[in-house]
Amino acid sequence: MKKKKASRRISLKASWEIEKLLVANQIVARTLEMLRENLLPGVTTYDLDRLAEEYVISCSAIPAFKGYRGYPATLCVSINEEIVHGIPSPDRVLEAGDLVSIDMGVIHDEYYGDAAISQVVGESGSPEAYRLIDCAKEALFSGIEKVKKGKRLGDVSSAIQSKVEEYGYGVVKQFVGHGIGKNLHEPPEVPNYGKKGRGPKLKKGMVIAIEPMVTAGGADVKVLADGWTAVTKDGSLAAHYEHSVAVTDHGPLILSLLR
Ligand code: MF3
Ligand code: CO
């Protein structure tokens, strides 16, 4: 989501709500897994969107992004220098070596699921593309590791930032992760940069979507004329990974991790 200034209270979910969030996020996980197998040269981003929507509906779920602030599709499909919010189109044909990020959300039984993956099309990506994807995924998991009672949000943010910097890549600051529940975006904002020991304390029942966006060059963002597609200003490659994660008594529960 776009970074903004807003601060309502962070809601704590009961365990029955976490169960519902798990169901929604598992639909997202299964859709993304199905899409991975369809990331082939010649497939259009519109084809992917159709596949995803059909599957989501077959699970008695609703695409969460479609209609959200006027967004026109089920998926966000962002290719190469596109960071997030790429709009699927029948004119956009995947090519071998493309770095593709797919972000999607659903509503099921009133609760939201949200996750994103990045993958290279075919087996012919640049070494940099694979390394950038590894970085986004590793940064996400180093953040998830900090999702524990008593830690603070800044511990999550700072772990992500440190991992990206270790790789020597850029971390996008214009977009952030977010709380998730009966709304796609709830407090708190979850930045992918920050300081240890700062920010709200993590409590049992908090559920956050953590979504690092990393760039091979500069991390400055430009939004295209379609009003959505966010690209790197310098045209460098970008990757994006996202999981929705609950704080439990036993540490992080990754709701969108495929079971
Ligand atoms: N995961 C992204 C976010 O939380 C997806 C939003 S796409 C939108 O911002 F279309 F719904 F805005
Ligand atoms: Co999100």
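Worth saying up front: this structure is predicted, and the values here are computed from it rather than measured.

> Account for the overall build of the chain, naming residues and giving values.
On a plain count of helices and strands, the chain comes out with 4 helices and 15 strands. Computed over C-alpha atoms, the radius of gyration of the chain comes to 17 Å, within 12% of the 18 Å expected from 2.2 N^0.38 for 259 residues, which places it in the range of a compact globule. Projected onto its principal axes, the C-alpha coordinates of the chain cover approximately 45 × 40 × 30 Å. When burial is assessed residue by residue, the chain has 57% of its 259 residues classed as buried. Residue pairs at least 24 apart in sequence account for 71% of intrachain contacts in the chain once pairs closer than 6 positions are excluded.

> Could you give an account of the sheet that holds strand β10 (residues 213-215), with specific residues and numbers?
With antiparallel pairing, the 3 strands of this open sheet are ordered in space as β6-β10-β13. Whereas interior strands pair on both sides, the edge strands pair on one side only; in this sheet they are β6 (170-171) and β13 (238-240). Taken together, the 2 bridges between β6 and β10 define a ladder with antiparallel strand orientation. Within the sheet, the bridge partner assigned to Gly170 lies in β10 and is Thr215. The sheet contacts of helix α3 (residues 127-144) involve β10 and β13, and relative to β13 the element is tilted by about 35 degrees.

> Summarise the sheet that holds strand β14 (residues 243-248); cite the residues concerned and give the values.
One open sheet holds the 5 strands; their spatial order is β8-β7-β9-β14-β15, and the pairing between them is antiparallel. Two strands in the sheet have a free side with no partner beyond their single neighbour: β8 (186-190) and β15 (251-254). This sheet shows a mean twist of 30 degrees between the axes of neighbouring strands, independent of strand direction. Note that strand β9 (residues 207-210) and β14 share 4 bridges and pair antiparallel. Of the residues in β14, the one forming a bridge with Ala209 is Ser244.

> Lay out the coordination of the cobalt ion (ligand 2) in plain terms, naming residues and giving numbers.
Within the protein, the cobalt ion (ligand 2) binds to Asp114 (OD), His178 (NE2), Glu211 (OE) and Glu242 (OE); these donor distances fall in the range 2.1 to 2.3 Å. Taken together, the 6 donor atoms coordinating the cobalt ion (ligand 2) and their angles of 67 to 171 degrees define a geometry best described as irregular.

> Kindly report on the packing of helix α1 (residues 15-37) against helix α2 (residues 45-58), identifying the contributing residues and their values.
Direction vectors running N to C along α1 and α2 enclose 145 degrees, while the axes themselves pass 10 Å from each other. Crossing angle aside, the handedness with which α1 passes α2 is right-handed. Taking contact as the criterion, the partners of Ile27, Arg30, Thr31, Met34 and Leu35 in α1 are, on α2, Leu48, Leu51, Ala52, Tyr55 and Val56.

Here is what the cut-offs are and how they apply
- Residues numbered from 1 in each chain as written.
- Chains lettered and ligands numbered in written order.
- Predicted model: local features only at pLDDT ≥ 70, side-chain atom pairs only at ≥ 80, totals over all residues.
- Heavy atoms only, no water.
- Helix = DSSP H or I, 4+ residues; strand = E, 2+ residues; numbered from the N terminus.
- Rg over C-alpha atoms; globule rule 2.2 N^0.38 Å.
- Buried < 20%, exposed > 50% of the residue type's maximum accessible area, 1.4 Å probe, protein only.
- Contact = heavy atoms within 4.5 Å.
- Pairing = 2+ DSSP bridges.
- Axes fitted to C-alpha atoms, helices over the stretch in contact; angles between N-to-C directions.
- Donors = N, O, S within 2.8 Å, 3.2 Å for Na, K, Ca; no water.
- Tetrahedral: all angles 85-135°; square planar, octahedral: opposite > 155°, others 65-115°.
- Left-handed = near helix turned anticlockwise from the far one by under 90°.

Shape descriptors only; they carry no functional weight alone.
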